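Read off the chains here:
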Amino acid sequence: MAYYNKANQEPLPTDDINTWECSQENCNGWMRKNFTSSSQPSCPLCGNEMISGIRHITVLANGIMDKEKK
Ligand SMILES: [Zn+2]
């Protein structure tokens, strides 16, 4: 049965997070919207303005959950 193998391969859990992405093309600066209160933050790396974005991240299943702490 084809379903057998498929069931054995659990996909890695993923998550979509809202981010600020640096508008500078050659800069990797970005931050989570959750972690910033500013409505127009500047890049922590180069200081340029940041644009709204979304990142699709993989959530590791070994306890290092990339989650908000309360
Ligand atoms: Zn930057």
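Refer to the structure presented above.
It should be emphasised that the depicted structure is a prediction, and the values quoted were computed from it without experimental measurement.

1. Focus on the environment of Glu 49
At step 1: Tracing the sequence through the fold places Glu 49 in the loop between strand E2 (30-32) and strand E3 (50-58).
At step 2: When its relative accessible area of 52% is taken as the criterion, Glu 49 is described as exposed.
At step 3: In this structure, the C-alpha to C-alpha distance between Glu 49 and Ser 23, residues 26 residues apart in sequence, is 6.1 Å.
At step 4: Not counting chain neighbours up to four residues away, the residues in contact with Glu 49 comprise Glu 21, Cys 22, Ser 23, Gln 40 and Pro 41.

2. As for the pairing of strand E1 (residues 14-22)
Taken residue by residue, a regular strand's side chains alternate between the two faces of the sheet.
At step 1: For E1 and E3, the ladder comprises 9 bridges, and the chain directions are antiparallel. By the bridge assignment, Thr 14 is partnered in E3 with Thr 58.
At step 2: When E1 meets E2, the two strands line up antiparallel, connected through 3 bridges. Its bridge partner being in E2, Trp 20 is matched across the sheet by Met 31.

The rules behind the values
Residues numbered from 1 in each chain as written. Predicted model: local features only at pLDDT ≥ 70, side-chain atom pairs only at ≥ 80, totals over all residues. Heavy atoms only, no water. Helix = DSSP H or I, 4+ residues; strand = E, 2+ residues; numbered from the N terminus. Buried < 20%, exposed > 50% of the residue type's maximum accessible area, 1.4 Å probe, protein only. Contact = heavy atoms within 4.5 Å. Pairing = 2+ DSSP bridges.

Read these as spatial facts, not as claims about activity.
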